[in-house]
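What follows is each chain in one-letter form.
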Amino acid sequence: MSTRRILFWAFVAVQALVPVTIFGLREATAALAPHVVIHAMPLDPRDPFRGQYVAVRLDVGYNTPPPAAREGQVVWVHLQRTPTGSRGDYASLTRPHGTSIRGHAHGGTIDFGLFRYYVSEDDAERWQNAFAGGNVYAELALARDGRPQLRRLVTR
Amino acid sequence: MRRFEERLADETSDWVREGLVSAEQAAAIRGRYDDGAGDERWSRLVQVLAIGGAIAVGLGVILFFAANWGEIPRFTRLALIVAAIVASYAAGDRLRPAHPHVGHALLLLGCILFGASLFLVGQMENVSTHDPLAFLLWALAAAGGAVLFRSQPFAALAAFTGGAWIVFELVDSEAGSAALLAVGLYAVAVYAFGTRLGVGVLRALGAGGALAALFPLTFGEVADEVASADVGTAAVVAGVALAALALATAGWLATDAQRTTARAEAAACFVLVLVFCAAPLLDLGPLLPNVVLLALAAGAIAAGYATGEPWLANVGLAVATVEILVRFFDYFARIMPRSVAFLVGGTIALTLAWALERNHRRIVGRAAR
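Residues numbered from 1 in each chain as written. Chains lettered and ligands numbered in written order. Predicted model: local features only at pLDDT ≥ 70, side-chain atom pairs only at ≥ 80, totals over all residues. Heavy atoms only, no water.

1. Observations concerning the overall build of chain B
Then, in step 1: Regarding its fold elements, chain B presents 14 helices and zero strands.
Then, in step 2: Element order for chain B, N to C, with α for helix and β for strand: α-α-α-α-α-α-α-α-α-α-α-α-α-α.
Then, in step 3: Accessible area for chain B stands at about 19300 Å²; split by element, carbon and sulfur atoms hold 68% of it.
Then, in step 4: Charged side chains in chain B number 25 positive and 29 negative. The centres of these two groups are separated by 8 Å. (Helix = DSSP H or I, 4+ residues; strand = E, 2+ residues; numbered from the N terminus. Areas by Shrake-Rupley, 256 points an atom, 1.4 Å probe, with all protein chains shown as cover. Lys, Arg positive; Asp, Glu negative; His and termini not counted. Charge placed at Lys NZ, Arg CZ, Asp CG, Glu CD.)

See below:
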């Protein structure tokens, strides 16, 4: 096989492997990591849907970074299980024992990031009503460093 | 409009009648252009059809998956999109020796499907962290294809997706207001890089992008808005990196000893980098960007003429025409009664059309020779 043929098939293989790798890494994290359910709110409550997806943020229940936290510094919030889902009870600059979620100190609060959840046109109305009722929860897989990965939205 | 061959046939008949050439010489002149021109036109048509078809199929695949996503199991979705990428490349590679245009289009389809796969997997996995990286991966793949297949369509895809990556990075960092200048600097780099390597599509995209980014600055309000915009660290970092890239590629272009206009084109790139870098720091006002735009238009006509590139001369003529019309309506029409403004504006447009019709063939025709 000529060098050009090898290069061609390597070029194709890399492009086939990139989506497989992204998918595999996300699925592996989801399979191995602990799952928690946290109350979720749309980024814009008046108009939650942006095309085919809804942008959601987490209502962890504890939003104050430790006093020593600098802007942008990584902060962990310890999670406590409750009958409806997990809630934060304290924040720390080092990873606490037990289940915790990772965020960043930002403007005097803790930013856990925004998540996109893609829904079909048929389901959009159901989710719109659920958000209006405030009973939407995000099922998250927490990676080893506490980084949340949205798996799905659920209603309770 | 009649084809070139038809006009040539009439002309050569006249030449024979007037005794300028013999019938055999006239036939030889016609024969010189007949087959080659026809073949080239046919080849271009096939190329345009094949590339257009590849883009349409790529869009169709994306829309099919987007519409039926929920009904297809997750692993099947991934298997389908990956199989589509590999099949498209394999078919393109197989067809290329016998059917180069269709084969090439299928290779391009493979790269379009790769880009689609990144967004579809992102959607499937609810990926929200730093989306613009998908454009960077796509641009790298397209750039790899451009080198591997010596392909202009791949180069165009790389330039587009690279530009999209820069814009989305800035928007993601809440620095979207700097996107216009960033695109301008990026386009200058694309033009200089394409000119140095002789990649026509990059030159056309770079010239179009740089002039399109400069044009809004010729309006006083836009220049004022850009100067007073609050830019963050991300915009400064992007601006410095893109300006360095544009200056480096323009410097590289200046060392091209083969191209007679290389230094002048590099100088034009330097001027554009200066304007794009100065715009957020100083209020340039409308005069300087207008002068620069008209000078670039004149430069494009001169460079097109000197290097035998009619498209460059056409770009210069088009920019100069648009600039004159827009400036008339932007400045003078405001202070005139509406009827007078339309009368004067219409007369200017007709005069421009007359001048272009009279001189276009001469300028572009001489450039082509």
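2. Some words on the overall build of chain A
Then, in step 1: The number of helices and strands found in chain A is two helices and 10 strands.
Then, in step 2: For 156 residues, the compact-globule estimate of 2.2 N^0.38 gives 15 Å, and the C-alpha radius of gyration of chain A, at 19 Å, exceeds that figure by more than 25%.
Then, in step 3: The C-alpha extent of chain A, read off along each of the three principal axes, is 60 × 45 × 30 Å.
Then, in step 4: Looking at chain A as a whole, 45% of its 156 residues qualify as buried.
Then, in step 5: A fraction of 61% describes how many contacts in chain A between residues 6 or more apart in sequence connect residues 24 or more apart.
Then, in step 6: With an accessible surface of roughly 8700 Å², chain A has 54% of that area assigned to carbon and sulfur atoms. (Rg over C-alpha atoms; globule rule 2.2 N^0.38 Å. Buried < 20%, exposed > 50% of the residue type's maximum accessible area, 1.4 Å probe, protein only. Contact = heavy atoms within 4.5 Å.)

3. Section: the interface of chain A and chain B
Then, in step 1: In this assembly, 24 residues from chain A lie in contact with 32 residues from chain B.
Then, in step 2: Summed over both sides, the interface of chain A with chain B buries roughly 2500 Å², with 65% coming from carbon and sulfur.
Then, in step 3: Of all residues in chain A, Phe11, Gln15 and Phe23 of chain A give up the largest surface area on contact with chain B, accounting jointly for 26% of the area buried on that side.
Then, in step 4: For the pair chain A and chain B, the interface holds three salt bridges.
Then, in step 5: Residue Arg74 of chain B is joined to Glu27 of chain A by a salt bridge in which the shortest nitrogen-to-oxygen separation is 2.2 Å.
Then, in step 6: Listing elements by their share of the side of chain A that touches chain B, those giving two or more residues are helix 1 (3–32), strand 8 (115–118) and strand 10 (148–155) of chain A.
Then, in step 7: Counting residues per element, the side of chain A that touches chain B draws most heavily on helix 1 of chain A, at 16 residues.
Then, in step 8: Its residues assigned to classes, the side of chain A that touches chain B shows 16 nonpolar, two polar and six charged. (Buried area = accessible area lost by both parts, 1.4 Å probe. Salt bridge = Lys/Arg side-chain N within 4 Å of Asp/Glu carboxyl O. Nonpolar A, V, L, I, M, F, W, Y, C, P; charged D, E, K, R; others polar.)

4. Quick look at the packing of helix 5 (residues 133–149) of chain B against helix 6 (residues 152–172) of chain B
Residue and element names in this part refer to chain B.
Then, in step 1: Put simply, helix 5 and helix 6 touch, their axes get as near as 8 Å, and they point 160° apart. In terms of orientation, helix 5 lies roughly antiparallel with respect to helix 6. Handedness of the helix 5/helix 6 crossing: left-handed. Together, Leu133, Phe135, Leu136, Trp138, Ala139, Ala142, Ala143, Gly145, Ala146 and Phe149 of helix 5 and Phe154, Ala155, Leu157, Ala158, Thr161, Gly162, Ala164, Trp165 and Phe168 of helix 6 make up the contact between the two elements.
Then, in step 2: Residue composition of the contact of helix 5 with helix 6, by class: 16 nonpolar, three polar and no charged. (Axes fitted to C-alpha atoms, helices over the stretch in contact; angles between N-to-C directions. Parallel < 35°, antiparallel > 145°, perpendicular 65-115°, else oblique. Left-handed = near helix turned anticlockwise from the far one by under 90°.)

5. Let's talk about the nonpolar core
Then, in step 1: By size, the foremost hydrophobic cluster in this structure holds 80 residues, and its most contacted members are Tyr89, Phe154, Leu214 and Phe276 of chain B.
Then, in step 2: With 10 residues, helix 7 (residues 179–197) of chain B is the single largest residue contributor to this core.
Then, in step 3: Contacts of Phe154 of chain B, omitting those with residues within four sequence positions, involve Phe11 of chain A together with Tyr89, His104, Leu107, Leu108, Cys111, Ala142, Gly145, Ala146 and Phe149 of chain B. (Core = buried A, V, L, I, M, F, W, Y, C linked by side-chain atoms within 4.5 Å.)

6. Description of the pairing of strand 4 (residues 74–81) of chain A
All names here are of chain A.
Then, in step 1: Note: strand 4 against strand 6 (residues 100–106), five bridges, orientation antiparallel. Paired with Val75 across the strands is Gly103, a residue of strand 6.
Then, in step 2: In this structure, strand 4 lies alongside strand 5 (residues 86–92), joined through six bridges in antiparallel fashion. Opposite Arg81, over in strand 5, you have Ser86 as the bridge partner. (Pairing = 2+ DSSP bridges.)

7. So, the layout of surface pockets
All names here are of chain B.
Then, in step 1: The space that makes up the second largest pocket amounts to roughly 860 Å³.
Then, in step 2: Forming the boundary of the second largest pocket are 34 residues, of which Ala143, Ala158, Ala159, Tyr186 and Phe193 lie nearest the centre.
Then, in step 3: Within the residue set of the lining of the second largest pocket, elements represented by two or more residues are helix 5, helix 6, helix 7 and helix 10 (233–254).
Then, in step 4: It is helix 6 that provides the largest number of residues to the lining of the second largest pocket, a total of nine residues. (1 Å grid on protein atoms, 1.4 Å probe; cavity = no way out; pocket = protein on both sides within 12 Å on 5 of 7 lines; lining within 4 Å. Points joined across faces, edges and corners; volume = space filled by probe spheres on them.)

8. Brief notes about a nonpolar patch on the surface
Residues and elements named next belong to chain A.
Then, in step 1: Taken together, Met1, Ile6 and Trp9 make up a surface patch of nonpolar side chains, about 350 Å² in accessible area.
Then, in step 2: With respect to the helices and strands, Ile6 occurs in helix 1.
Then, in step 3: Overall, the relative accessible area of 48% leaves Ile6 in the partly exposed class. (Patch = residues over 30% accessible without salt bridge, like charges linked within 9 Å, V, L, I, M, F, W, Y side chains within 5 Å.)

All quantities given are derived from atomic positions and should not be read as evidence of function.
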